[in-house]
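As a plain string of letters, each chain reads:
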Amino acid sequence: MNRADYDAIVVGSGPNGLSAAITLQQAGKSVLLIEGKSTIGGGLRTAELTLPGFHHDICSAIHPLAAGSPFFSTLPLDQFGLEYIYPPVAAAHPFDDGTAAFLSPSLEQTANALGKDARAYLDLIRPVVNNWPSIAPDVLGPLGFPKHPLKMAAFGMKALAPAIAVAKRFQTREARGLWAGMAAHSMQPLTNSTTAAIALVLIANGHLKGWPIPKGGSQSIANALAAYFQSLGGVIETNRYIHSLDQLPSSKALLLDVTPKQLLQMAGYKFSSLYQWQLNRYRYGMGVYKIDWALDGPVPFRAEACRQAGTVHLGNTLEEIALSEQQAMSGIHSEKPFVLLAQQSLFDSSRAPAGKHTLWGYCHVPHGSRESMTEAIEQQVERFAPGFRDRIIGRHTMNSLDMEQYNPNYVGGDINGGILDIGQLFTRPALRRSPYRTSAKGIYCCSSATPPGGGVHGMCGYYAAKRALKDVLT
Ligand SMILES: Cc1cc2nc3c(=O)[nH]c(=O)nc-3n(C[C@H](O)[C@H](O)[C@H](O)COP(=O)(O)OP(=O)(O)OC[C@H]3O[C@@H](n4cnc5c(N)ncnc54)[C@H](O)[C@@H]3O)c2cc1C
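Below is a summary of the structure that appears in this document. Please read these numbers as outputs of a predicted model, since none were measured by experiment.

## Topic: the packing of aromatic side chains
In the structure shown here, the tally under the stated rule is twelve aromatic pairs. Each ring, one from Tyr282 and one from Tyr284, has its centre 5.3 Å from the other, and the planes form 85°; the classification is edge-to-face. Considered together, Tyr282 and Tyr284 belong to a single accessibility category, that of buried residues. A ring pair is formed by Tyr436 and Tyr463, whose centres lie 6.5 Å apart and whose planes are at 20°; its orientation type is stacked. With Tyr436 in the loop between helix 15 (400–406) and strand 16 (443–445) and Tyr463 in helix 16 (residues 459–472), the pair connects residues that are 27 residues apart, well separated along the chain. Here Tyr436 falls in the buried class, since its relative accessible area comes to 2%. Taken together, Phe71, Phe72, Tyr436, Tyr462 and Tyr463 form an aromatic cluster joined through their ring pairs. Over the aromatic face of Phe95 sits the side chain of Arg173, whose NZ or CZ is 4.3 Å from the ring centroid.

## Notes on the environment of Thr172
Among the structural elements, Thr172 can be located in the loop between helix 6 (163–166) and helix 7 (173–183). Considering only alpha carbons, one finds Thr172 and Asp117, 55 residues apart in sequence, at a separation of 6.5 Å. Residues in contact with Thr172, not counting those within four places in the same chain, are Leu114, Lys116 and Asp117.

## As for unusual backbone geometry
Cis geometry is found at the peptide bond from Arg428 to Pro429, where omega equals -5°. Here Pro451 and Pro452 are connected by a cis peptide whose omega angle stands at 5°. In this structure, Pro452 sits in the loop between strand 16 and helix 16. Phi is positive for Asn239, which is not a glycine, with a value near 60°. Structurally, Asn239 can be placed in the loop between strand 9 (235–237) and strand 10 (251–256). For Asn316, which is not glycine, the phi torsion reads 60° and is therefore positive. In this structure, Asn316 sits in the loop between strand 12 (309–314) and helix 13 (318–329). For Asn316, a relative accessible area of 7% puts it in the buried group.

## Notes on the site of the ligand
In the vicinity of the ligand, 37 residues are found, and the nearest of them are Glu35, Gly43, Asn407, Gly455 and Val456. Between the ligand and Glu35, the relevant distance is 2.7 Å, taken from an oxygen atom to a side-chain nitrogen or oxygen of the residue. Within the contact set of the ligand, an oxygen atom lies 3.1 Å away from a backbone nitrogen or oxygen of Ala61. Compared with its free state, where it exposes 1000 Å², the ligand has 96% of that area covered by protein. Elements with a contribution of two residues or more to the shell around the ligand: helix 1 (15–26) and strand 14 (357–365). Among the elements that make up the shell around the ligand, the one with the highest residue count is helix 1 (three residues). Grouping the constituent residues of the shell around the ligand by class yields 16 nonpolar, 15 polar and six charged.

The rules behind the values
Residues numbered from 1 in each chain as written. Predicted model: local features only at pLDDT ≥ 70, side-chain atom pairs only at ≥ 80, totals over all residues. Heavy atoms only, no water. Phe/Tyr/Trp six-rings, centres within 6.5 Å; stacked < 30°, edge-to-face > 60°. Buried < 20%, exposed > 50% of the residue type's maximum accessible area, 1.4 Å probe, protein only. Helix = DSSP H or I, 4+ residues; strand = E, 2+ residues; numbered from the N terminus. Lys NZ or Arg CZ within 6 Å of the ring centre and 35° of its normal. Contact = heavy atoms within 4.5 Å. Near = heavy atom within 4 Å. Polar contact = N/O pair within 3.5 Å; in protein donor to acceptor, adjacent residues only side chain to side chain. Areas by Shrake-Rupley, 256 points an atom, 1.4 Å probe, with all protein chains shown as cover. Nonpolar A, V, L, I, M, F, W, Y, C, P; charged D, E, K, R; others polar.

Structure (structure tokens):
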């Protein structure tokens, strides 16, 4: 094909790059999707990291945001091999006494298990669950005039608050701990404004769509998106890392699934000095330390709910979780880090040999950390599941710098493509009328460094492609 024949080129095949490519191809444009690595997927890859037959999710594992994505839900991904598995308990939260709070698909069941806090939980969560279908495209999109202003205002009043302030609605250790574990997905101190937002979104999606695991691993989401894109006529090239835009064929629009650091490296010379200055001021947040385990049996959790859960949050009380997140932000490696675990093989037998299991886990660490957190993380698992260590038969670890080397979008180990605080929630990567446009005509940013930010939902790519279609591809 003649190089000038592409209407659009997308660089980077993460969920946002794939979503941008699909949106453009669906509009009848010719699209080339370029990926630097040998496989597509970005944060959606699955590999045998430990032992043969053990299939681990290298990055994302649990997919409430994909299942609830307004864009993905318009796509026939089930016809392209994507099958979600729904664990009976979406997320469990064990305590030192062997009990656990949990998020189940049922709003009422979750609330009732919180005893004295049942009413407070329903008052906080039910309106978000009821309004979510109407407000999701606006919450998961750029700042603009919402289609349902009253419902958005009601959501915003709760979501913009610090999680720690919202927790005052609860009296019990169970409700406060469960809430803190959800809010800690924001990768910020729980005293920051907007940390309630991520908790509300994850909980509401848990009650509406569940927290599913893709059969075969998160790579199946990427494979389904890519197969659908190709069925529309889209072209994918892998093993082609782009250092400068000069390496690319010509196109009317260029969409880059990268964050400001690489935007500047690849395309800085095309940008105005103001835009370069804005990108240089972009802030990345704390990093992660990740472990994948091969086990010769399931994790022996004391609490039954944990043995039924796809995700387990290890942090005990709200106070402990808040301290661990504050420490990671302040450059301290917590002795009792908040740990996120996923137990895919309990519900998907294709993930490990018969009778064996995979376990996925990570904790938050200071930005750019090289320190090993293996001991601290395993101590946390052992604390709630005595005997865990005896079941380990293989282990693969990645510190924050390994994470960045694996995928340059995870700068300093920040898996959200930049901190999602109030200063960057809607104005990422820079304060502009459309955050997806760069200062150079026809060049767009479509990664999680644009609204709505991190997570596998494809909405950054979808909105960036819509912008490009309006601006330069009419
Ligand atoms: C350990 C971990 C756990 C996570 N857990 C979850 C989870 O359970 N659920 C969830 O929803 N989200 C999770 N996430 C977050 C999620 O994976 C990301 O937010 C999401 O993948 C971002 O998508 P993206 O398309 O913006 O970028 P990415 O997925 O990072 O994709 C970017 C792609 O661009 C390619 N690329 C970059 N630069 C170039 C270049 N110059 N040339 C060519 N190609 C290039 C990269 O190789 C990569 O394939 C997790 C992430 C990590 C790391």
